[in-house]
Amino acid sequence: MLVHTIEEVREQIKKWKKEGLTVGLVPTMGALHAGHKSLIVKSVEKCDRTVVSVFVNPIQFCPGEDLDKYPRTLEEDYKLCEAAGVDVVFAPSPKEMYGEGHILSNDFLTYVIPPYFYVNKLCGKSRVGHFDGVCTVVNKLFNIVQPDYAFFGQKDAQQLVIIRKMVKDLNIPVEVVPCPIVREESGLALSSRNKYLSGEEKEYALALSKILFNIKSCYSRGIVDTGALAETAYAYLNEHHSLEYLEFLDADTLEEKQTADDNTRVFIAVKIGTVRLIDNILLSDK
Ligand code: AMP
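These numbers were taken from a predicted model, which means no experiment stands behind them.

A.B. asks: What am I meant to see in the packing of aromatic side chains here?
C.D. replies: Within a pair of aromatic rings, the relevant descriptors are the distance that separates the centres and the angle that separates the planes. Under the definition given, this model contains four aromatic pairs. Geometrically, the ring pair formed by Phe 142 and Phe 152 is edge-to-face, given 6.5 Å between the ring centres and 85 degrees between the ring planes. Of the two residues, Phe 142 is situated in helix H7 (residues 130-145) and Phe 152 in strand E5 (residues 149-153); the sequence distance between them amounts to 10 residues. Pair check on accessibility: Phe 142 and Phe 152 agree, each one buried. For Lys 69, the ring lying beneath its charged end belongs to Tyr 196, and the centroid distance is 4.3 Å. Over the aromatic face of Phe 117 sits the side chain of Lys 121, whose NZ or CZ is 3.7 Å from the ring centroid.

A.B. asks: What exactly am I supposed to notice about the site of the ligand here?
C.D. replies: Around the ligand sit 16 residues, and of these His 36, Gly 153, Asp 156, Val 182 and Leu 190 come closest. Contact distances for the ligand include 2.9 Å between an oxygen atom and a side-chain N or O atom of His 36. Take Gly 153: an N or O atom from its main chain is 2.9 Å from an oxygen atom of the ligand. Relative to its unbound accessible area of 490 Å², the ligand is 92% covered by the protein chains. Counting only elements with at least two residues in the shell around the ligand, the list comes to strand E2 (23-28), helix H2 (34-46) and E5. Broken down by element, the shell around the ligand gets its largest block of residues, three residues, from H2. Within the shell around the ligand, the residues separate by chemical class into nine nonpolar, five polar and two charged.

A.B. asks: What should I look at first to understand the sheet that holds strand E8 (residues 264-272) in this one?
C.D. replies: Pairing between the strands of a sheet is mediated by backbone hydrogen bonds and can be parallel or antiparallel. The three strands are arranged E7-E8-E9 in an open sheet whose pairing can be described as antiparallel. Of all the strands in the sheet, just strand E7 (241-250) and strand E9 (275-282) have a single pairing partner and so form its edges. Strand-to-strand, the axes of this sheet are offset by a mean angle of 15 degrees, without reference to chain direction. Sheet topology note: the E7/E8 ladder contains nine bridges and is antiparallel. In the sheet register, Asp 250 faces E8, and the bridge partner there is Thr 264. In the packing of helix H9 (residues 199-220) onto the sheet, contacts are made with E7, E8 and E9, and the angle to E9 comes to roughly 20 degrees.

Procedures and definitions
Residues numbered from 1 in each chain as written. Predicted model: local features only at pLDDT ≥ 70, side-chain atom pairs only at ≥ 80, totals over all residues. Heavy atoms only, no water. Phe/Tyr/Trp six-rings, centres within 6.5 Å; stacked < 30°, edge-to-face > 60°. Helix = DSSP H or I, 4+ residues; strand = E, 2+ residues; numbered from the N terminus. Buried < 20%, exposed > 50% of the residue type's maximum accessible area, 1.4 Å probe, protein only. Lys NZ or Arg CZ within 6 Å of the ring centre and 35° of its normal. Near = heavy atom within 4 Å. Polar contact = N/O pair within 3.5 Å; in protein donor to acceptor, adjacent residues only side chain to side chain. Areas by Shrake-Rupley, 256 points an atom, 1.4 Å probe, with all protein chains shown as cover. Nonpolar A, V, L, I, M, F, W, Y, C, P; charged D, E, K, R; others polar. Pairing = 2+ DSSP bridges. Axes fitted to C-alpha atoms, helices over the stretch in contact; angles between N-to-C directions. Contact = heavy atoms within 4.5 Å.

Okay, structure coming up:
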């Protein structure tokens, strides 16, 4: 079922809860691919009912980012969801989520602000306000859908840590289920933004996963100094890459690591042309 209003979702959820059914939520911005599908499949397996939200959330885009040109493919998204056994696809308009005139400034809207320690690093450094927008919309979706389980990809590992922290700090009764990164055979992590890449740029984009896989391989051969591990990245970068960050942080606390261990996650962001890509790897990942 495709629904566009909060009221319709609430009605459906009420019925399911009365029947004692468990509900899974997969929040997305649409342009669904196999990465999203892996979250959906997990939810359909684990929960009696699954809701997928498709919403390009304006308040998580910073000025100058790709809000207007972000791919919107609701018809295809709906087909993918239906085939995967999703019960409700919730695709609200910005007006439905943020009200008449949707005044998206924090002069007028109540925001959920995640802790600065988790935000002022990695993507949060260049995308000021991004995680406020993410936490606000995810919190709204939790209140609308009241899921027992919510599924998030490790592709956005900083986001996942921040959402887990929000759930803990605000006592939200939902279990967050982390899902592994889905990659193309080439190693490239699937992303809706890969659509922006030209054929050539897609080749350059392979540097991200190559850097991460090589660092993991160096670590497994005994190199633990993160400075030395970071140095190995330069062999994969050329004038087509603008490295935004390469950081070694604890996977749970996002504390910086000088010495890598199994719980170290390596995070990378690179701009290729106008396209900003992110990826990460846990050093103990299989
Ligand atoms: P988005 O539509 O980009 O906001 O992503 C929605 C959800 O799908 C987030 O939890 C992402 O982390 C997850 N996701 C996106 N790409 C991938 C991927 N390649 N593998 C696993 N999860 C992903």
